[in-house]
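Coordinates in review
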Amino acid sequence: MGLLVNELTENQAMQICAWKYFDEYDVYNCPPWNEMVNTNWGLADEDKRKAEFKSVSLNGVFIGFFRLQFRENKLYLGLGLSPEHCGKGHGNELIEIVKDYAKKHFPQNNLYLDVRKFNKRAIKSYLKSGFRIEGEYVKNGAEFVVMKCELF
């Protein structure tokens, strides 16, 4: 059946808050839902969620999400897979779906993303999917890699 893209519901956004990653990946854990609402996270804002976020399901099961937003006049991608679906090859398929979605809905835009430098698993998937490393930066002591994928 493959991966399907739909609107991200508030219930799914709340589920994301319950996802728990371990070891160095725990930096991807979200705060509790009430805290996200109180601190104005995009995921908790209904208008932003509807405009920028999409859910991804596999055989009817919610497994992840992606966000497309403009920052500094560039289209940026953020995405996440539930912990139990990480490392199973779904990331590559998800990236291809996002690229197709971006081409359709944001023509004439390349796709950018920031990924933590330690996350070799994600970087490998992005490189395999056509992203190239554009640079690096440090924010709040964390090292990031900036990547770009040419869509047109």
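For the structure itself, look to the data block above.
Residues numbered from 1 in each chain as written. Predicted model: local features only at pLDDT ≥ 70, side-chain atom pairs only at ≥ 80, totals over all residues. Heavy atoms only, no water.

**A look at the pattern of salt bridges**
Let me state the cut-off plainly: By salt bridge we mean one thing: a side-chain nitrogen of Lys or Arg within 4 Å of a carboxyl oxygen of Asp or Glu. By definition, any uninterrupted DSSP run of H or I lasting at least four residues is a helix, any uninterrupted run of E lasting at least two residues is a strand, and each is numbered from the N terminus. Buried residues are those whose accessible area, probed at 1.4 Å on protein chains only, stays under 20% of the maximum for their type, while exposed residues exceed 50% and partly exposed ones sit between those limits.
Tallied over the entire structure, the rule returns 8 salt bridges. A salt bridge links K99 to E96; the nearest nitrogen and oxygen atoms lie 3.4 Å apart. Of the two residues, K99 and E96 both sit in helix α4 (residues 90-105), 3 residues apart, roughly one turn of that helix. Residue K99 is classed as buried on the basis of its relative accessible area of 10%. In this structure, K117 engages E136 in a salt bridge whose closest nitrogen and oxygen atoms are separated by 3.0 Å. With K117 in the loop between β5 (111-116) and α5 (120-128) and E136 in strand β6 (residues 132-139), the pair connects residues that are 19 residues apart, well separated along the chain. Judged by its relative accessible area of 29%, K117 falls in the partly exposed class. Look at E136 and you get exposed, because its relative accessible area is 52%. A single network of salt bridges, built from pairs that share partners, joins K117, E136 and E143.

**Some details on the nonpolar core**
To keep it simple, the criterion reads: Here, nonpolar core means buried Ala, Val, Leu, Ile, Met, Phe, Trp, Tyr and Cys residues that are tied together by side-chain atoms lying within 4.5 Å of each other. Any pair of residues with heavy atoms lying within 4.5 Å of one another is described as a contacting pair.
With 26 residues, the main nonpolar core has L68, L111 and F131 as its most contacted residues. Put simply, the parts of the chain that give this core at least two residues each are β2 (53-58), β3 (61-71), β4 (74-81), α4, β5, α5 and β7 (142-149). By residue number, the principal contributor to this core is α4, which donates 6 residues. Residues in contact with F131, not counting those within four places in the same chain, are L77, I95, L111, L113, Y126, M147, K148 and C149. Core analysis: the second largest hydrophobic core is formed by 15 residues, C17, W19, C30 and W33 among them.

**Describing the pairing of β7**
One face of the sheet, then the other: side chains in a regular strand alternate in exactly this way. How we decide: Should DSSP find at least two bridges between two strands, the strands are taken to pair.
Counting buried positions over the 8 residues of β7 gives 7, a clear majority of the element. Judged from the 6 bridges that link them, β5 and β7 form a sheet pairing that is antiparallel. Along β7, the bridge assignment pairs D114 with V146. Of the pairings in the sheet, the one linking β6 to β7 comprises 7 bridges and is antiparallel in character. Along β7, the bridge assignment pairs V138 with E143. Hairpin remark: β6 followed by β7, antiparallel, with 2 residues in the connecting loop; positive phi at N140, about 50°.

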